[in-house]
Amino acid sequence: MAEVLEKTGKTVEEAYQAALAELGLPESRVSYEVIEEPSKGFLGIIGGKLAKVRVTVRELSPLEKAENFLKEIFSSMHLDVKMEREDKEESYIFNLVGENLGILIGKHGQTLDALQYLTNLAANRGLLEEKIRIILDVENYRSRREETLRRLAVRLADKVRRTGEKVMLEPMNRHERKIIHMALQDNYRVVTYSAGDEPYRKVVIEPKNHKEA
């Protein structure tokens, strides 16, 4: 339910600004209606009335919730971050640009994945339907990481072919494991599968004729 506040003042503008100050919100977040116009009364002294306004706080959209959440995070970390948004058919990509943003990525993108998860929670809070999906990236880190994983997959597959021994990669999230699997799905010399439990699940690459049952 939207928050509503009524405020009085000598003028409509004064009442309106008083309401904004109490709410701590910019004009873009509210709508207002004038309940009473000010009047000076008899001889400008007796029976005068103050202006009265009713201010209603506008509900934030999921995207606005996401942006506000990220701004609060960046502010608390004292980071100057520019958010470049790209609207896709099934998701919204926020590419974060700024200096010294490696802290937002973490080891193999783990911090970025966690921040992305929390941002989606913030954006979709209170929604039962029409939830949105937000993908966070830092200066196109994800595309660079995907290319690195594809090259790694090809290199390790060649090693498996030469040595005849399986290779187990380090733990990866589901998305990164999928990149490895997809990169080698047409390689007829090796087979890939995932082993272990989350969050330590790993990709295994081994010779196709030596796959364990």
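Now for a look at the structure at hand.

## A look at the packing of helix H5 (residues 141-163) against helix H6 (residues 174-183)
It is at 9 Å that the axes of H5 and H6 come closest, and there the two elements cross at 45°. Our classification of the angle between H5 and H6 gives oblique. H5 and H6 meet at a crossing whose hand is right-handed. Across the interface between the two elements, Arg145, Glu146, Leu149, Arg150 and Ala153 of H5 pack against His175, Glu176, Ile179, Ile180 and Ala183 of H6. Split into classes, the residues belonging to the contact of H5 with H6 amount to five nonpolar, one polar and four charged.

## What to know about H5
With 23 residues, H5 should cover 33 Å at 1.5 Å per step; its first-to-last C-alpha distance of 32 Å lies within 8% of that length. For H5, the complete set of buried residues consists of Tyr141, Arg142, Arg145, Leu149, Ala153, Leu156, Ala157 and Val160. Count one or two residues on from H5 and you reach Gly164, which has phi positive near 75°.

## Let's talk about the sheet that holds strand E6 (residues 134-138)
Spatially, three strands are ordered E4-E5-E6 in an open sheet, and the strand pairing comes out mixed. Edge positions in the open sheet fall to strand E4 (82-87) and E6, since each of these has one partner strand only. For this sheet, the mean inter-axis angle between neighbouring strands, taken without regard to orientation, is 25°. As judged from the six bridges shared by E4 and strand E5 (residues 92-97), these two strands associate in the antiparallel manner. From the neighbouring strand, Glu86 faces E5, where its bridge partner is Ile93. Packed on one face of the sheet, helix H2 (residues 62-76) meets E4, E5 and E6 and runs near 155° to E4.

## Observations concerning unusual backbone geometry
In the Ramachandran plot, His78 falls in the positive-phi region, its phi being about 60° despite a non-glycine side chain. What makes His78 exposed here is its relative accessible area of 74%.

## Regarding the sheet that holds strand E3 (residues 51-57)
Overall, antiparallel pairing links the three strands, which are arranged E1-E3-E2 in an open sheet. Whereas interior strands pair on both sides, the edge strands pair on one side only; in this sheet they are strand E1 (4-9) and strand E2 (30-36). Sheet twist, expressed as the mean angle between neighbouring strand axes with direction ignored, is 25°. As paired strands, E2 and E3 are joined by six bridges and run antiparallel to one another.

## What about the environment of Leu121?
Examined against the element boundaries, Leu121 turns out to sit in helix H4 (residues 110-123). A relative accessible area of 44% means that Leu121 is categorised as partly exposed. The spatial distance from the C-alpha of Leu121 to the C-alpha of Gly48 is 50 Å, given a sequence separation of 73 residues.

## With respect to the pattern of salt bridges
Evaluation of the coordinates by the stated rule reveals 17 salt bridges. Here Arg150 and Glu147 are joined by a salt bridge, their closest N and O atoms 3.8 Å apart. Of this pair, Arg150 and Glu147 both sit in helix H5, separated by three residues, roughly a single helical turn. Classification of Arg150 by relative accessible area gives partly exposed; the value is 36%. Here Glu147 and Arg151 are joined by a salt bridge, their closest N and O atoms 3.7 Å apart. Residue Glu147 and its partner Arg151 are both found in helix H5; the two are separated by four residues, about one turn of the helix. By relative accessible area, Glu147 is classed as partly exposed at 36%.

Each value, and the rule that gives it
- Residues numbered from 1 in each chain as written.
- Predicted model: local features only at pLDDT ≥ 70, side-chain atom pairs only at ≥ 80, totals over all residues.
- Heavy atoms only, no water.
- Axes fitted to C-alpha atoms, helices over the stretch in contact; angles between N-to-C directions.
- Helix = DSSP H or I, 4+ residues; strand = E, 2+ residues; numbered from the N terminus.
- Parallel < 35°, antiparallel > 145°, perpendicular 65-115°, else oblique.
- Left-handed = near helix turned anticlockwise from the far one by under 90°.
- Contact = heavy atoms within 4.5 Å.
- Nonpolar A, V, L, I, M, F, W, Y, C, P; charged D, E, K, R; others polar.
- Expected span 1.5 Å × (residues − 1).
- Buried < 20%, exposed > 50% of the residue type's maximum accessible area, 1.4 Å probe, protein only.
- Pairing = 2+ DSSP bridges.
- Salt bridge = Lys/Arg side-chain N within 4 Å of Asp/Glu carboxyl O.

Any functional reading would require information beyond the geometric quantities listed.
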